[in-house]
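Next come the chains, spelled out residue by residue.
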Amino acid sequence: VLSVKPQVLKDVAINLAPALKDRPVLVVSIAAGIRSTDLARWLGKDVAVVRAMPNTPALVQCAASGLYANHNVSEEQREDAESILRATGLAMWVEDEDQMNAVTALSGSGPAYFFRIMEAMEAAGRDLGLSHEAAKLLTLQTALGAAKLAMEANEDLAELRRGVTSPGGTTERGLQVLNDNNIDELIHAVVDAAYKRAIELADELGEG
């Protein structure tokens with residue numbers, strides 16, 4: 001398992017390559033942005049490589065991980081890699097490696113987006129007179145509860161949102177501000193910026 005910064009992965013792989021030569025080894029890379037073709041070139045062209053993109057909630061066994069296997073990976077090796085990532089949470093395969101950039105932008109970077117939103121909600125609660133502790137705990141439990149409900153409910157997200165939104169009520173008024181300020185466009189721009197940066201990193205770090 002190669003869990004290093006992408007900027008140093010090339011040197012790590014080149015130094016590791018002699019030890020992997022002619023051995024049926026599975027290499028799982030958790031370095032963001034490094035394409036399997038580049039990693040295989042540094043390690044040895046016939047190496048079985050699985051790219052994995054978990055996120056920091058792996059620390060509490062609640063990760064969302066995307067995986068991609070190159071053509072050298074056997075079915076047994078796919079199961080091994082999936083087993084490793086499932087130990088930290090959800091693990092999903094993508095069949096097109098380019099989709100790993102979308103995984104990186106959405107779930108790899110995603111916790112930071114939610115943390116930033118929660119920061120703002122906590123601050124708003126304090127501005128309305130709640131104590132620091134109350135504003136923080138209410139924000140965190142609300143985020144946890146919303147995610148848990150969404151995971152366990154049969155309805156899609158839009159239906160869940162409508163279920164909370166009484167006509168003429170407080171939630172409707174708050175959501176109207178989000179809509180008036182183009183929340184969809186903003187979130188799309190956030191994820192798209194991260195997606196484009198993942199592609200840039202792959203191009204920059206995969207050279208040579």
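The coordinates are above.
So, here is what we can say about the structure in this document. (Residues numbered from 1 in each chain as written. Predicted model: local features only at pLDDT ≥ 70, side-chain atom pairs only at ≥ 80, totals over all residues. Heavy atoms only, no water.)

What follows covers the nonpolar core. The biggest cluster of nonpolar side chains holds 15 residues, and the ones touching the most others in it are Leu-9, Val-27, Ile-34, Leu-39, Trp-42 and Leu-43. Ranked by residues supplied to this core, first place goes to helix H2 (residues 36-43) with four residues. Ala-48, Ala-52, Leu-67 and Leu-85 belong to the second-largest nonpolar core, a separate cluster that totals eleven residues. (Core = buried A, V, L, I, M, F, W, Y, C linked by side-chain atoms within 4.5 Å. Buried < 20%, exposed > 50% of the residue type's maximum accessible area, 1.4 Å probe, protein only. Helix = DSSP H or I, 4+ residues; strand = E, 2+ residues; numbered from the N terminus.)

Its location among the elements puts Ala-40 in helix H2. Residue classification places Ala-40 among the buried positions, given a relative accessible area of 8%. In this structure the C-alpha to C-alpha distance between Ala-40 and Met-53, which are 13 residues apart in sequence, comes to 17 Å. In this view, Ala-40 contacts Lys-45 and Val-49; residues no more than four positions away in its chain are not counted. (Contact = heavy atoms within 4.5 Å.)

Leaving glycine out, the prevailing phi sign among residues is negative, and the prevailing peptide bond configuration is trans. In this structure, Gln-61 takes a positive phi of about 55 degrees despite not being glycine. Summarising the element assignment, Gln-61 is placed in the loop between strand E2 (48-53) and strand E3 (63-69). Residue class for Gln-61 comes out exposed when judged on its relative accessible area of 55%. Phi is positive for Asn-182, close to 55 degrees, though the residue is something other than glycine. Looking at the secondary structure, you find Asn-182 in the loop between helix H8 (170-180) and helix H9 (183-205).

Inspection of the sheet shows strand E1 (residues 26-29) paired to E2 by four bridges, in the parallel sense. Across the sheet, residue Val-28 finds its bridge partner in E2, namely Val-50. In this fold, the crossover linking E1 to E2 by way of H2 has right-handed handedness. (Pairing = 2+ DSSP bridges. Right-handed = clockwise from strand over helix to strand, strands pointing away.)

Structural measurements only, silent on function.
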